[in-house]
Amino acid sequence: MSFRIGKRFTFEAAHQLSGLPGGHKCGRLHGHSYTVEVVLTATELSESGFVIDFANLDPIKRHLAEHFDHQPLNEAIDIEPTSENLARVLFEWCAKNVPLPATAAIEAVRVSETSATWAEYRPCH
Ligand SMILES: Nc1nc2c(c(=O)[nH]1)N=C([C@H](O)[C@H](O)COP(=O)(O)OP(=O)(O)OP(=O)(O)O)CN2
Ligand SMILES: [Zn+2]
């Protein structure tokens, strides 16, 4: 048995993708209202009945506000700023920087540039 929870964060940012066919619209500088969803899992709950308190994910909110919101993503990360790469970069940041009890783990990070699209990173085990 396992429990899963998620929390959604948003930020606004600009990017420009390279390596696309000539004339591709995403090769031009443009912006998105990004959504980041962090999914956590646990095999057992805390005494409060939580996987973790959602408030414990506040470091993610601060990180996005300080390093991603209203930033040019081509400068914010050192890899092509696609949704897939952003999901991986943010997963790895969360894995290192969000304190978790031994019973809980970050399962996946999903990034959306628009309401119709998403990309997810979850490490293989
Ligand atoms: N697999 C991916 N494909 C694309 C990504 C990406 O991160 N991963 N990113 C883009 C661009 O950033 C683009 O701005 C968004 O693309 P798209 O959803 O196609 O754009 P629209 O919202 O304008 O969608 P329409 O259906 O054309 O209206 C491109 N691809
Ligand atoms: Zn884009």
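Owing to the predicted nature of the structure, the values given are computational and were not obtained by experimental measurement.

Enquirer: Looking at this structure, I do not really get the overall build of the protein chain. What am I missing?
Expert: Counting its regular elements, the protein chain contains three helices and five strands. Each helix and strand of the protein chain, placed in order from N terminus to C terminus, yields the pattern β-β-α-β-α-α-β-β. Counted over contacts in the protein chain with a minimum sequence separation of 6, partners at least 24 positions apart contribute 66%.

Enquirer: Please explain the sheet that holds strand E2 (residues 30-42) as it appears in this structure.
Expert: The strands that make up a sheet are held in pairs by hydrogen bonds between backbone atoms, and each pair lies either parallel or antiparallel. Pairing within the open sheet is mixed, and its five strands lie in the order E3-E1-E2-E4-E5. Of all strands in the sheet, those with a lone pairing partner are strand E3 (71-72) and strand E5 (119-121), marking the two edges. When E2 meets strand E4 (residues 104-112), the two strands line up antiparallel, connected through eight bridges. Within the sheet, the bridge partner assigned to valine 36 lies in E4 and is valine 111.

Enquirer: Got a minute to help me understand the environment of alanine 119 in this structure?
Expert: If you trace the backbone, alanine 119 turns up in strand E5. In this structure, the C-alpha to C-alpha distance between alanine 119 and glutamate 84, residues 35 residues apart in sequence, is 5.1 Å. Once residues lying within four places of it in the same chain are set aside, the contact partners of alanine 119 are Ser83, Glu84, Ala87 and Val111.

Enquirer: I tried to follow the UniProt feature "binding site: Zn(2+)" (unreviewed entry) in the protein chain on my own but got confused; where do I start?
Expert: Mapped onto this structure's residue numbering, the UniProt feature "binding site: Zn(2+)" (unreviewed entry) falls at His15, His30 and His32. Their sequence span is 18 residues, while the largest C-alpha to C-alpha distance among them is just 8.2 Å; these annotated residues converge on one region. The topology assignment puts histidine 15 in strand E1 (residues 3-15). What makes histidine 15 buried here is the crowd of 23 C-beta atoms within 10 Å. Contact partners of histidine 15, with chain neighbours within four places excluded, come to Leu73, Asn74 and Pro81. If you trace the backbone, histidine 30 turns up in strand E2.

Enquirer: Whenever I open this one, the site of ligand 1 confuses me. Can you help?
Expert: If you check the shell around ligand 1, you find Leu17, Cys26, His30, Thr82, Ser83, Glu84, Glu113, Thr114, Thr117 and Ala119 and nothing else. For the shell around ligand 1, a count of residues per class yields three nonpolar, five polar and two charged.

Enquirer: Looking at this structure, how should I read the UniProt feature "active site" (unreviewed entry) in the protein chain?
Expert: Those places that UniProt annotates as "active site" (unreviewed entry) correspond, in this numbering, to Cys26, His70 and Glu113. Positionally, histidine 70 belongs in the loop between helix H1 (58-67) and E3. Not counting residues up to four positions away in its chain, the partners in contact with histidine 70 are Glu12 and Ala13. Tracing the chain through its elements places glutamate 113 in the loop between E4 and E5. Look past the residues within four positions of glutamate 113 in its chain and what remains in contact with it is His32, Tyr34 and Ser83.

Enquirer: Would you mind showing me how to read the pairing of E2 here?
Expert: Along any regular strand, the residues point their side chains to alternate faces of the sheet. Here E1 pairs with E2 via 13 bridges, running antiparallel. Note that in E2 the partner of lysine 7 across the bridge is valine 38.

Enquirer: I would appreciate a short explanation of unusual backbone geometry in the present structure.
Expert: Excluding glycine, residues mostly carry a negative phi; peptide bonds, for their part, are mostly trans. The phi torsion at histidine 70 lies on the positive side, around 55°, for a residue other than glycine. Note on histidine 70: 10 C-beta atoms within 10 Å, which makes it exposed.

The rules behind the values
Residues numbered from 1 in each chain as written. Chains lettered and ligands numbered in written order. Predicted model: local features only at pLDDT ≥ 70, side-chain atom pairs only at ≥ 80, totals over all residues. Helix = DSSP H or I, 4+ residues; strand = E, 2+ residues; numbered from the N terminus. Contact = placed C-beta atoms within 7 Å. Pairing = 2+ DSSP bridges. UniProt positions renumbered as here; feature names shortened; annotations may be inferred. Buried ≥ 20, exposed ≤ 12 C-beta atoms within 10 Å, placed from the backbone. Near = placed C-beta within 6 Å. Nonpolar A, V, L, I, M, F, W, Y, C, P; charged D, E, K, R; others polar.

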